[in-house]
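Observations on the three-dimensional arrangement
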Number of protein chains: 2
Amino acid sequence: MKGVDHLAHERNKTEFDVDAMKIVWAGSRHAFELSDRMARLVASDPAFQKDGRTRLGRKELFKNTLRKAAHAWKRILELRLTEEEAGWLRSFVDEPSFTDLHWGMFIPAIKGQGTDEQQQKWLPLAYKMQIIGCYAQTELGHGSNVQGLETTATFDPETDEFVIHSPTLTSSKWWPGGLGKVSTHAIVYARLITNGQEHGVHGFIVQLRSLDDHMPLPGLTIGDIGMKFGNGAYNTMDNGVLKFDHIRIPRNQMLMRVLQVTREGKCVQSNVPRQLIYGTMVFVRQTIVADASTALSRAVCIATRYSAVRRQFGSQDGGMETQVIDYKTQQSRLFPLLASAYAFRFVGEWLKWLYTDVTQRLQANDFSTLPEAHACTAGLKSLTTTATADAIEECRKLCGGHGYLCASGLPELFAVYVPACTYEGDNVVLLLQVARFLMKTVSQLGSGKKPVGTTAYLGRVQDLLQCCCDVQTAEDWLKPSVVLEAFEARSARMCVARAQNLSKFENPEDGFAELSADLVEAAVAHCQLIVVSKFIDKLQQDIPGKGVNQQLQNLCYIYALNLLHKYLGDFLSTGCITPKQASLANDQLRSLYSKIRPNAIALADAFNYTDHYLGSVLGRYDGNVYPKLYEEAWKDPLNDSVVPDGYYEYVHPMLKQQLRNARL
Amino acid sequence: MKGVDHLAHERNKTEFDVDAMKIVWAGSRHAFELSDRMARLVASDPAFQKDGRTRLGRKELFKNTLRKAAHAWKRILELRLTEEEAGWLRSFVDEPSFTDLHWGMFIPAIKGQGTDEQQQKWLPLAYKMQIIGCYAQTELGHGSNVQGLETTATFDPETDEFVIHSPTLTSSKWWPGGLGKVSTHAIVYARLITNGQEHGVHGFIVQLRSLDDHMPLPGLTIGDIGMKFGNGAYNTMDNGVLKFDHIRIPRNQMLMRVLQVTREGKCVQSNVPRQLIYGTMVFVRQTIVADASTALSRAVCIATRYSAVRRQFGSQDGGMETQVIDYKTQQSRLFPLLASAYAFRFVGEWLKWLYTDVTQRLQANDFSTLPEAHACTAGLKSLTTTATADAIEECRKLCGGHGYLCASGLPELFAVYVPACTYEGDNVVLLLQVARFLMKTVSQLGSGKKPVGTTAYLGRVQDLLQCCCDVQTAEDWLKPSVVLEAFEARSARMCVARAQNLSKFENPEDGFAELSADLVEAAVAHCQLIVVSKFIDKLQQDIPGKGVNQQLQNLCYIYALNLLHKYLGDFLSTGCITPKQASLANDQLRSLYSKIRPNAIALADAFNYTDHYLGSVLGRYDGNVYPKLYEEAWKDPLNDSVVPDGYYEYVHPMLKQQLRNARL
């Protein structure tokens, strides 16, 4: 079967330079080459193969992950990979593990919140993995509201130690990845108490397990919190529970970059600005947005390829049936997701720039853009993760019945992805933060304070309240300025209307609570505008490669006009467009689908995913779906024997009417 | 802890008679008592406990299901349960198994498509479970398009037999539940060929396995198709693959109620009307709608109770935090789902009536209402299953992080439910059928043919194209006639607009294909109208019990006005309502949420689910969530040992910098 390509006829239709698009997708030639090299390295290493992961019981699955994590680390050392390369390698191993938290949360927390001495002491140990760390923030009874955490860290001036304690069951740490079975250390968040006074929640470095025999230290109760959604998926991770019974740690294990506790137990603010925390948040959320485009594009790649393989109905005179990708119903569900993958990629790229910009300003003590940057990343995290979770499930449905098989890869992709809607800020809570920022921005418009960055358009609110969309033909919807204005006007008008409604309440907080669902809608409108405008900005760049810009234009308008169709109520009720114009947008959308259709497979190929990384029989590059699905079936443990375990105890007595006497 | 009720303060707020509501929900006192008795029977039987199902490997899981199925059958025999009671018992065992297909598809297929002699021969065997049957229709390459099936059944006049054969890999039967490991027989759908001529797809009774040693009969390749989405979930079912290599069966094993093949191989139509098949479809889909309301209400029950238990933010002066159910953002997501559960329940109830009506008419050779009934059930199957799948996931998200734990019950509920969107007609394909019917109905309006049943409103299309919504205050949205007219006008106008667009195409089929995504939207609007109107009809009935009708009214308007808000684009673009009226509807919606809030827990209690059936720590009746979550965690196999399997091979060498020499 080597060399078979059932999708060759599709690839021959391509109207653009796929290799050039791969570089656009990756962000740069450097990023492309690096990720391509690492993806192939992982895919070609038998130790990293994924086969059968969804069939393993919890213990085997977890042990297998420990093996892969160790193997990955061994390869990283052997090949002397850079930090960037190592990051790519781990991501292509594509299995959540304790190392994610060690590298992604434990080390950054020490770097961000530790003093120079603390960094000098702990980072070398962590970088060599002589200690393995996790990030213990959430508790059984406390998630989003960090200030509500119950764990206490009480300073004992007698011994110069902190006493870490879980005063209640609900204060048990709950969820931290890597905590349950592996980590030797944790950053523990607890309420700081000195001299009988509370000083808010702070981070402490706490050793959890012996570095010799791995037993939990006295006073700690630690375990895994049990099975999570899906086969394989996050069950490779030891999310944990942790109870403290008056554990003592030296004073210098409180992370003291921002607030210091002296030998006497006095709290002293350092001159390091607290705003640094927001800088970290911008960083983390930018990563989440990038991950959203990755997860979404994987699902889209699978669904697109399989939609070209699968045929159903439409056969005439016994000929081949129609490829399902040729149905407009399929196109109208699939192509907007393809467009979203690209849209999220580009907004993620822009967020990387934003993070650099914010960091530079922070270093220059310029905090002016921070609130806007914070609101913007919070909103984009929410928007992209919600859309991606929904999109993966939609892609699964687009694959019909076979999408329900683990062999399609989509069930695991969904199950492993959905926590992104909850962690690092629940998506609704984040949108409320965005709404709060928008309402503040609107309320200050009269005061001469000029809105910046992604809210700059609100400075033109008077124009936007009055502008009239002048679309007269479907073609008019292909003008960037027209699309942008429609989205700006929609968002601005929604913001102003919400602000007016809020002003009717005597107590603004009551108003905010009562109208919160409406406010969330305004926040969504604002965030969608950001994604659309960054996509349009991208098109203005000089993008080399035959036909590449044209394809991106098509995708950009599909993304925007599909949103316009989906949120038509917003656009019409604010009077931004007329029903007739909406109908023209819909016509244009159909025409764009036809333009994308011959390029769909190539646009999915441009993600440059190996079959290993995709992990999907339906999404195979060569489209050789059915024989491989058939092969895959026989690997199920149930097929180990022809007659299943339990037949003689349970089924045979039933068939032979001997059940009354059977012991079950 | 016995007798603890953390939700007692919630239950004390209730403003209606919960016991009376339980009967409304069940449909009758008889149905309530029966289901209540069976639910308790199952819940109190240790053999049926669910504990740990999501932690089992495939083989153990499957064996456990065989045990439960045998135990259920044993209890059914011992207690001499009626068919109705047995059905309830099986449904409360709440675990997909081969018996579902035996009772739900194999037996009904013989009853519906078998001749009297065939029924006399096979049904007694099946009723006693001396044989176990499945329903083998879909193939690896063929799902929705039944006429495209490839399996052949060629009549051999020499031996008076059919030769069943799989000519290609894609013709392998694929998906049938119960096929993989258990069934002794199957109804196999195959293309009938006699005398070299094709006669369409028909059903054949084929023995699969020896009744002695359970080995597959010669010429058959049978196995399980492998893991499916989720933990536990449908992995308790042996969905199977089946290849035929020229299997021979006697001629009298073709189901011949409608078409007979004579000894000479001639095809003879019987005088039984083919339309009977549609009667069966109406029946099956009515069951699916009822199941949707069950699945949705389970998810809603869990999310509602946990939303009252969970507190987050809003604490002042160290007091308790706010229950998350008190946030308007939570209410605006949760309460429409609560309302949908009731809405789907009542439309399901009405479908039961419709099935009786259709059956009576069929018996009187009256086929006039069949197309409308068929379109209506197809549409409602699509609408309710799509909404339910989305709603379960939304409920999971409403439970925050803990919803992601299998202990919440929601991951398994989702994974086990989602196939309903695909089986018995892919939901988009079904909506296209509805759209086709609607377009036909509209095109015939001029001809004097009066639309019937759920399409009767299209007979008033001239009025509906011109009517003006006269809502002036938020209170006006509580008038049934106002709400109904808005939904009728929206649907009628969308249908007419689509019909006009279609008429612009020379070839109607081309137009239908090109505009199919728009047509699907019209079908959705029509189906939503049906649900709203049946809910309003329900309110007109005499419903006993203090406050019950009032609560149902609140739910009905929440259902309708939330749809209006969500599909605002439809209502505004067709000019059915104004933006101002939409805004009033939104105000009314908020006020309805406040009215439902004190009754929310009781409205979830009215579903009368046992903790066993809910299978959710978060949804426990007593609200004692945190201690039980904590307990549950320790049951995970990973917690069997303090130091995990694999630590010494993989983690210790990493910590000790000895990885270079380690064998992984």
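What you see is a predicted model; the values in this text were computed from it and never measured. (Residues numbered from 1 in each chain as written. Chains lettered and ligands numbered in written order. Predicted model: local features only at pLDDT ≥ 70, side-chain atom pairs only at ≥ 80, totals over all residues. Heavy atoms only, no water.)

Observations regarding the pairing of strand S6 (residues 197-207) of chain B
Residue and element names in this part refer to chain B. Basically, it comes down to this: Here a strand pair is declared whenever DSSP counts at least two bridges between the two strands. Helix and strand assignments come from DSSP, with helices taken as H or I runs of at least 4 residues and strands as E runs of at least 2, each series counted from the N terminus.
Strand direction decides the pairing type here: strand S5 (residues 185-194) and S6, joined by 9 bridges, are antiparallel. Paired with Ala-190 across the strands is His-202, a residue of S6. Here S5 folds back onto S6, and the loop between the two strands holds 2 residues, one of which, Asn-195, carries a positive phi near 50°.

Structural notes on the pattern of salt bridges
Residue and element names in this part refer to chain B. The cut-off we apply is this: Any Lys or Arg side-chain nitrogen found within 4 Å of a carboxyl oxygen on Asp or Glu counts as a salt bridge. Partly exposed describes any residue whose relative accessible area lies between the buried limit of under 20% and the exposed limit of over 50%, with all areas from a 1.4 Å probe on protein chains only and scaled to the type maximum.
In total, this model carries 96 salt bridges over all chains according to the counting rule given. Put simply, Arg-597 and Glu-10 hold a salt bridge, and the shortest N to O gap is 2.8 Å. Here Glu-10 lies in helix H1 (residues 8-11) and Arg-597 lies in the loop between helix H19 (579-596) and helix H20 (600-605), a separation of 587 residues in the sequence. For the residue pair Arg-597 and Glu-10, the accessibility class agrees, reading buried in each case. Taking the shortest distance from any N to any O, the salt bridge between Glu-394 and Arg-333 comes out at 2.8 Å. Taken together, the residues Glu-394 in helix H10 (residues 370-398) and Arg-333 in helix H9 (residues 328-363) connect sequence positions 61 residues apart. Residue classification places Arg-333 among the buried residues on the basis of a relative accessible area of 19%.

Things to note about the sheet that holds strand S8 (residues 240-244) of chain A
Residue and element names in this part refer to chain A. Strand order in the open sheet made by the 3 strands is S4-S8-S7, with antiparallel pairing throughout. Sheet topology places strand S4 (173-174) and strand S7 (220-224) at the edges, where each strand pairs with a single neighbour. Here 2 bridges tie S4 to S8, and the two strands are oriented antiparallel to one another. Within S8, the residue paired with Lys-173 across the bridge is Leu-242.

Concerning the sheet that holds strand S8 (residues 240-244) of chain B
In any sheet, the strands associate via hydrogen bonds between backbone groups, in a parallel or an antiparallel arrangement. Residue and element names in this part refer to chain B. Pairing within the open sheet is antiparallel, and its 3 strands lie in the order S4-S8-S7. Across the chains shown, the open sheet's two edge strands, defined by having one partner strand only, are strand S4 (173-174) and strand S7 (220-224). In the sheet, S7 pairs with S8 via 5 bridges, with the strands oriented antiparallel. Counterpart to Leu-220 in the pairing with S8 is Phe-244.

So, the relation of the copies chain B and chain A
To keep it simple, the criterion reads: To superpose the copies, least squares is applied to the C-alpha atoms of every residue with a pLDDT of at least 70 in both. Contacts between residues were defined by any pair of non-hydrogen atoms, one from each residue, lying within 4.5 Å.
Mapping chain B onto chain A is achieved by rotating through 180° and translating by 0.0 Å along the same axis, at an RMSD of 0.0 Å. Interpreted geometrically, this transformation is the action of a two-fold axis. An overlap of 100% is found between the interface residues of chain B and their copies at the interface of chain A, pointing to a shared contact surface.

Focus: the pairing of strand S3 (residues 161-165) of chain B
Residues and elements named next belong to chain B. By the criterion of burial, S3 is predominantly enclosed, with 4 of the 5 residues buried. With 5 bridges connecting them, strand S2 (residues 152-156) and S3 associate as antiparallel partners. Bridge pairing in S3 places Asp-156 opposite Glu-161. The antiparallel pairing of S2 with S3 creates a hairpin that spans 4 residues between the two strands, and Asp-160 there sits at a positive phi of about 60°.

A few points about the domain arrangement of chain A
Residue and element names in this part refer to chain A. Condition: Each domain span listed reflects an automatic or database assignment of domains. Distance and chemistry together define a polar contact, namely a pair of N or O atoms within 3.5 Å, with one atom able to donate a hydrogen and the other to accept it when in protein, and with adjacent residues in sequence counting only for side-chain atoms on both sides. Under the scheme applied, nonpolar residues are Ala, Val, Leu, Ile, Met, Phe, Trp, Tyr, Cys and Pro; charged residues are Asp, Glu, Lys and Arg; polar residues are all the others, including Gly.
Annotation of chain A at the domain level lists domain 1 (107-272), domain 2 (277-605) and domain 3 (634-664). For domain 1 versus domain 2, the distance between C-alpha centres works out to 37 Å. If you look at the interface, domain 1 gives 7 residues, while domain 2 gives 10 residues. Counting across the domain 1 and domain 2 interface gives 1 residue pair in polar contact (both at pLDDT 80 or more). A breakdown of the residues in the side of domain 1 that touches domain 2 according to their chemical character gives 3 nonpolar, 4 polar and no charged.

Observations regarding the environment of Val-347 of chain A
Residue and element names in this part refer to chain A. Its location among the elements puts Val-347 in helix H9 (residues 328-363). Distance from Val-347 to Thr-154, taken between C-alpha atoms, is 44 Å for residues 193 residues apart in sequence. Setting aside anything within four residues of it in sequence, one finds Val-347 in contact with Val-289, Leu-380, Ile-530, Val-531 and Lys-534.

Brief notes about the UniProt feature "domain: Acyl-CoA oxidase C-terminal" (unreviewed entry) in chain A
Under the convention used in this document: UniProt positions are given in the numbering used here, feature names are shortened, and annotations may be inferred rather than shown by experiment.
As recorded in UniProt, the feature "domain: Acyl-CoA oxidase C-terminal" (unreviewed entry) lies at residues 480-656 of chain A. What you have in residues 480-656 of chain A is 72% helix and 0% strand, and the ends, taken at the C-alpha atoms, are 74 Å apart.

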